[in-house]
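Close look at the chain arrangement
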Amino acid sequence: MKSLLLTFDLEEFVCPAERKLEIPKERLFEVSREGLKNIIKILENNNIRATFFTTYEFANKNKDLIRTLVKKGNEISMHGYEHNTSLNKMKSEDVIKELRKAKMGIEKITGKKVNGFRSPQMKILNEKILNNIGIKYDSSLHPTFIPGNFQMFKTRSIHKRGNVIEIPVSVTPILRLPFSWVWFRNAGLLYTKICTKLNLIDKDYVNIYFHPWDFYNTNTREFKGVLYISLRNAGEKTIEQLDRYVIWCKKNNLEVTTISEYLSKKALIKP
């Protein structure tokens, strides 16, 4: 059976800071908190579970919602200590120290072992670092063209990097068309369905990602200065579109599951 792996990167609304807008950080966390509440409703309404890559900073500020996710059977994985850290520019020993602190903090909040990792900004880290802190799988590879992050010609297939399983974000064969995040929001549901079917020509899973702030209306004067592509259709339209996409995937016999469960069934990691 083929699988849909819904994944969400839990962090504050990072776009204003990237554009150097002076909006209080607590407000940016509030946006993501409200967006996460909407995600939880989508999962509950469709009786499905997902994988959440959270920064320790977000988890620590939203312990109640993180524990709600755990109680409902979702998987909590790691997205670093905080989002704006450039881990790929730090010394290995400092990265290990920071990620170990984040992992221990998240595990304390959830009461569960953290298996997975996705790097902030999807910058690939040396597998020795991830192995050192006990990470079983990494989902930082997005093999498409994104300005400043050139992963387009890397493999679309699951593979091992040392003792760590790399499970790439899904893109189409040949052209490497992405259909997560802003592409999902801006290109429409028909585009997403086409890309999904193309990806499944040679894969038995779809791994797509979103952020909590995709599910909150940020297209307001408050966030003027953020790139329009990052604001367009955020909130109700994306909530509706993801709901319709999940229903369509189920009708096309895709099982919605977590990354760890998918990899366990493939005997790639131990439960």
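Overview of the structure. (Residues numbered from 1 in each chain as written. Predicted model: local features only at pLDDT ≥ 70, side-chain atom pairs only at ≥ 80, totals over all residues. Heavy atoms only, no water.)

Glancing now at the overall build of the chain. Tallying secondary structure elements over the chain gives 11 helices and 11 strands in all. In terms of C-alpha radius of gyration, the chain reaches 17 Å, essentially the compact-globule figure of 18 Å for 271 residues. Along the first, second and third principal axes, the C-alpha atoms of the chain reach 45 × 40 × 40 Å. Classification of the 271 residues of the chain by burial places 56% in the buried group. Accessible surface for the chain amounts to roughly 12500 Å². Of this, 52% is attributable to carbon and sulfur atoms. For the chain, the distance from the average site of its 46 positive side-chain charges to the average site of its 29 negative ones is 3 Å. (Helix = DSSP H or I, 4+ residues; strand = E, 2+ residues; numbered from the N terminus. Rg over C-alpha atoms; globule rule 2.2 N^0.38 Å. Buried < 20%, exposed > 50% of the residue type's maximum accessible area, 1.4 Å probe, protein only. Areas by Shrake-Rupley, 256 points an atom, 1.4 Å probe, with all protein chains shown as cover. Lys, Arg positive; Asp, Glu negative; His and termini not counted. Charge placed at Lys NZ, Arg CZ, Asp CG, Glu CD.)

The next thing to look at is the pairing of strand S1 (residues 2–10). S1 sits mainly inside the fold: eight of its nine residues count as buried. The sheet contact formed by S1 and strand S11 (residues 254–256) spans three bridges and is parallel. Opposite Leu4, over in S11, you have Val256 as the bridge partner. Relative to strand S10 (residues 205–210), S1 is paired through six bridges, and the arrangement is parallel. Bridge pairing links Thr7 to Tyr209 in S10. (Pairing = 2+ DSSP bridges.)

Another aspect to go through is unusual backbone geometry. With the exception of glycine, most residues fall at negative phi, and the peptide bonds are largely trans. Within the chain, Gln121 stands out as a residue other than glycine whose phi angle is a positive 60°. Judged by relative accessible area, Gln121 falls into the partly exposed class, the value being 32%. In this model, Ala267 sits at a positive phi of 60°, which is unusual for a non-glycine residue. Here Ala267 is to be found in the segment after helix H11 (259–265). Taking the relative accessible area as the measure of exposure, Ala267 reaches 68% and is therefore exposed.

On to the pattern of salt bridges, then. What the rule picks out here adds up to 18 salt bridges. In this structure, Lys37 engages Glu34 in a salt bridge whose closest nitrogen and oxygen atoms are separated by 3.2 Å. You can see Lys37 and its partner Glu34 sitting in helix H2 (residues 25–46), three residues apart, about one turn around the helix. We classify Lys37 as partly exposed; its relative accessible area is 31%. Taken together, the salt bridges that share partners define one network made up of Glu127, Asp138, Arg161 and Glu166. (Salt bridge = Lys/Arg side-chain N within 4 Å of Asp/Glu carboxyl O.)

Moving on, we get to the environment of Gly134. Within the secondary structure layout, Gly134 lies in the loop between helix H6 (127–132) and strand S5 (137–138). C-alpha separation for the pair Gly134 and Arg27, spaced 107 residues apart in sequence, amounts to 33 Å. Dropping the residues within four chain positions of it, Gly134 is found in contact with Lys103 and Val114. (Contact = heavy atoms within 4.5 Å.)

The final tally for this structure, using the stated rule, is 16 aromatic pairs. Centroid distance Tyr205 to Tyr262: 5.4 Å. Interplanar angle 50°. Geometry classified as tilted. Here Tyr205 is found in strand S10, whereas its partner Tyr262 is found in helix H11, with 57 residues between them in sequence. This pair shows no difference in class: Tyr205 is buried, exactly as Tyr262 is. (Phe/Tyr/Trp six-rings, centres within 6.5 Å; stacked < 30°, edge-to-face > 60°.)

What follows covers the side chain of Glu98. One can find Glu98 in helix H5 (residues 92–110). This buried residue, Glu98, is left without a salt bridge; Lys101 holds the nearest opposite charge, at 8.1 Å. Here Glu98 is in contact with Tyr81, Thr85, Leu87 and Met90, once residues within four sequence places are set aside.

A cluster of nonpolar side chains, contributed by Leu190, Ile194, Leu198 and Ile201, occupies part of the molecular surface with about 410 Å² of accessible area. Within the secondary structure layout, Leu198 lies in helix H8 (residues 189–199). You can call Leu198 partly exposed: its relative accessible area is 34%. (Patch = residues over 30% accessible without salt bridge, like charges linked within 9 Å, V, L, I, M, F, W, Y side chains within 5 Å.)

Here we come to H5. With 19 residues, H5 should cover 27 Å at 1.5 Å per step; its first-to-last C-alpha distance of 27 Å lies within 8% of that length. Buried-residue contacts for H5 involve strand S2 (51–54), helix H3 (56–61), helix H4 (63–71), strand S3 (75–78), strand S4 (116–117) and H6. Once H5 finishes, Gly111 follows within two positions and takes phi at roughly 70°, a positive value. (Expected span 1.5 Å × (residues − 1).)

With that settled, the discussion passes to the state of the cysteines. Under the counting rule described, the total for this entry stands at zero disulfides. Here Cys195 stays free of any disulfide, with the sulfur of Cys249 as its closest cysteine sulfur at 12 Å. What makes Cys195 buried here is its relative accessible area of 2%. (Disulfide = S-S within 2.5 Å.)

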